[in-house]
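Here are the chains, one letter per residue:
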Amino acid sequence: MSLPALPFGISSFGNLRLSGRIYVDKTDLIFSMVEKHSRVLLTRPRRFGKSLLISVLQSLFRSGVEDFQDLKIEKLWQEQKQYKVVRLDFSETSSSRLERFELNFALHLMNSFGVFGFQCDSYLLPDLLEKLSKWLEEQAPGSLVLLVDEYEAPLTATLEDPKLFNLILKDISGFFSVIGSRDSVFRFMFITGIVNFKNTGILSAIKGLADISMDPEYGSIVGFTTQELKDYFSGYIEEAAKRLETEPKALLLRLTGYYDGYCFEKTATVRVMNPWSILSFLIYPTRGFRDHWFQTGGQPSILKEFFRSGSLKDPKNFTAVKSIPLEQFGCPAIGDNLSDVDLLTQTGYLSIKSADGNIAIVDYSTEEVRHAMAGMYLHQLLGKTIEQAGVTDFAIRLAKENLETLVRMFNRLLESVDYAAYSVENATSAIALLQIAMIDVGLAQVIKVIGKEDSALEVHVGERTIVLALEYCRPDQKAEQLLQVAVGQLEELTAGMPSRRNEFLRIAIVFSEIEKRIVLLSVVTST
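Rules used in this analysis
Residues numbered from 1 in each chain as written. Predicted model: local features only at pLDDT ≥ 70, side-chain atom pairs only at ≥ 80, totals over all residues. Heavy atoms only, no water. Axes fitted to C-alpha atoms, helices over the stretch in contact; angles between N-to-C directions. Helix = DSSP H or I, 4+ residues; strand = E, 2+ residues; numbered from the N terminus. Parallel < 35°, antiparallel > 145°, perpendicular 65-115°, else oblique. Left-handed = near helix turned anticlockwise from the far one by under 90°. Contact = heavy atoms within 4.5 Å. Nonpolar A, V, L, I, M, F, W, Y, C, P; charged D, E, K, R; others polar. Pairing = 2+ DSSP bridges. Buried < 20%, exposed > 50% of the residue type's maximum accessible area, 1.4 Å probe, protein only. Polar contact = N/O pair within 3.5 Å; in protein donor to acceptor, adjacent residues only side chain to side chain.

A. Representation of the packing of helix α4 (residues 98-114) against helix α5 (residues 125-137) within the structure. At their nearest, the axes of α4 and α5 sit 10 Å apart, and the two run at 20° to each other. In terms of their interaxial angle, α4 and α5 are classed as roughly parallel. Relative to α5, α4 is oriented so that their crossing is left-handed. Between α4 and α5, the residues in contact are Glu102, Phe105, Ala106, Leu109, Met110 and Phe113 and Leu125, Leu128, Leu129, Leu132, Trp135 and Leu136, respectively. Class assignment of the residues belonging to the contact of α4 with α5 gives a composition of eleven nonpolar, no polar and one charged.

What follows is the structure, given as structure tokens:
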């Protein structure tokens, strides 16, 4: 018996149902949302299924339960009325020029509302909004449903240009002001985006708008939970396990270990996986565990700017503990006040891992994201890939090569850093750079930072355990004395440390601030 087709790349609910593809049934949560709220905002990162959720709502309000046979909502939904559903996607209007954006925006509104009889003979946005307001006033109360996808896409595309940002903000706010002033005509409104620009007042005209983005009840309204992965995709997991010559349970553990971990709600208990990554793997399992979401989910250009000018330029910040007030989550500052933690949490690179009072501890959402971010960090630090820096087969050589070769590899990395642009100013930064390189080559799950002030690494690779202790030598210090400090730290860290590998390699090294490389080392091996 063949498996039902995967819903990869399908954001139309009607097409998905007609073609018999797998649909992970979220309709009980959708029913709860519609029953409790008539005006809803949901923010989630890219590639999480927001557009499919919009399509589900479009089908539900336009045709009732016609497309919902055997789904949970079929017996819950009692409304018989069919509504005029206006669906907007503001990502289609983005532009780096105000005039072009306003024309795109006007045409998009004209076409979307025009399906139900709206007409305007002017492409000027103020004229169109005035005429739209009058047209809405003529519609029957409760006759329309408004669905807006990626409402802030034109704004996130212009974060680096504050003047343009504010002009586009004024235009979009003007549209929502018209919608808010004609509130009675709408049975339901649903708005999605990546970032909640709450402090701009962009959605303030929408009366009673419920932001469910951090509500635990809707923590899994998009994305796949581990249980859903088992319930809906077990056949594909079994198929993939056969092709990879492993057991389904073992493969499931690897899948969840690499792709599970996104958390968007304030109790930090509901975790989901990105559908794009999971479906990409299940289609091509022999290609291995790739960074599917990171490669296609969009890497905001402003993130690269943070590497050059913000706190991200210090390698030690890759592993630093990060926190953010829960009240700020989903409401980032903009302009000069925009921080890396705000940006990374809103775009999905960081997720809530625990909450203590009003403070959320955030970390990389998944091992996929951690690996991809390590690659991005490393490329920014080196200006090239690790291979282009002359370090090939890094993981393999860590497992097999002798000490001298290992140190030469480390120095190739260290000497390739653009020290004029990026800070490597202490032992923590230097050891973090080596750690980033090891994560970039796939060692994230077998490496950890240890030692005083995070100045040592422990990595298990092949049949070898390596413990590396580093001291940072400034111009007024003696490298020989610091080497003995590193040796002492190494002995303290490894005292009684069990090793399940055949070889236990302990390396004490000294990094020179002047030479930007390892200048002294001492090693103790045991088998």
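B. Spatial organisation of the sheet that holds strand β10 (residues 359-364). Taking strand neighbours across the sheet as the criterion, the three strands line up as β8-β10-β9 in an open arrangement whose pairing is antiparallel. Edge positions in the sheet fall to β8 (322-325) and β9 (350-356), since each of these pairs with one other strand and no more. Strand-to-strand twist of the sheet, defined as the mean angle between neighbouring strand axes without regard to direction, takes the value 35°. Here β9 runs beside β10; their pairing, made up of six bridges, is antiparallel. Counterpart to Ser351 in the pairing with β10 is Asp363.

C. Up close: helix α2 (residues 27-36). Among the ten residues that make up α2, seven are buried, leaving the element largely enclosed by the rest of the structure. Along α2, the residues that are buried comprise Thr27, Leu29, Ile30, Phe31, Ser32, Met33 and Val34. Against β1 (39-43), α3 (50-63) and β4 (186-193) lie the buried residues of α2.

D. Expanded view of the packing of α4 against helix α7 (residues 162-181). Running from N to C, α4 and α7 point in directions that differ by 20°, and their axes come no closer than 10 Å. By the angle between their directions, the pair α4 and α7 is classed as roughly parallel. As for how α4 packs across α7, the hand of that crossing is right-handed. Of α7, the residues touching α4 (which contributes Leu98, Phe101, Glu102, Phe105, Leu109 and Phe113) are Leu164, Leu167, Ile168, Asp171, Ile172, Phe175 and Ile179. For the contact of α4 with α7, the residue count by class is eleven nonpolar, no polar and two charged.

E. The arrangement of the side chain of Ser112 in detail. One can find Ser112 in helix α4. Note on Ser112: relative accessible area 14%, which makes it buried. Within polar-contact distance, the side chain of Ser112 engages the backbone oxygen of His108 at 2.9 Å. In this structure Ser112 touches Val86, Arg87 and Leu88, once residues within four positions along its chain are discounted.

F. Region of interest: unusual backbone geometry. Here the phi dihedral of Arg47 falls at roughly 65°; this positive angle occurs in a residue that is not glycine. Considering the arrangement of structural elements, one finds Arg47 in the loop between β1 and α3. Positive phi is not limited to glycine here, since Lys516 has a value of about 60°. Tracing the chain through its elements places Lys516 in the loop between β14 (503-512) and β15 (517-526).

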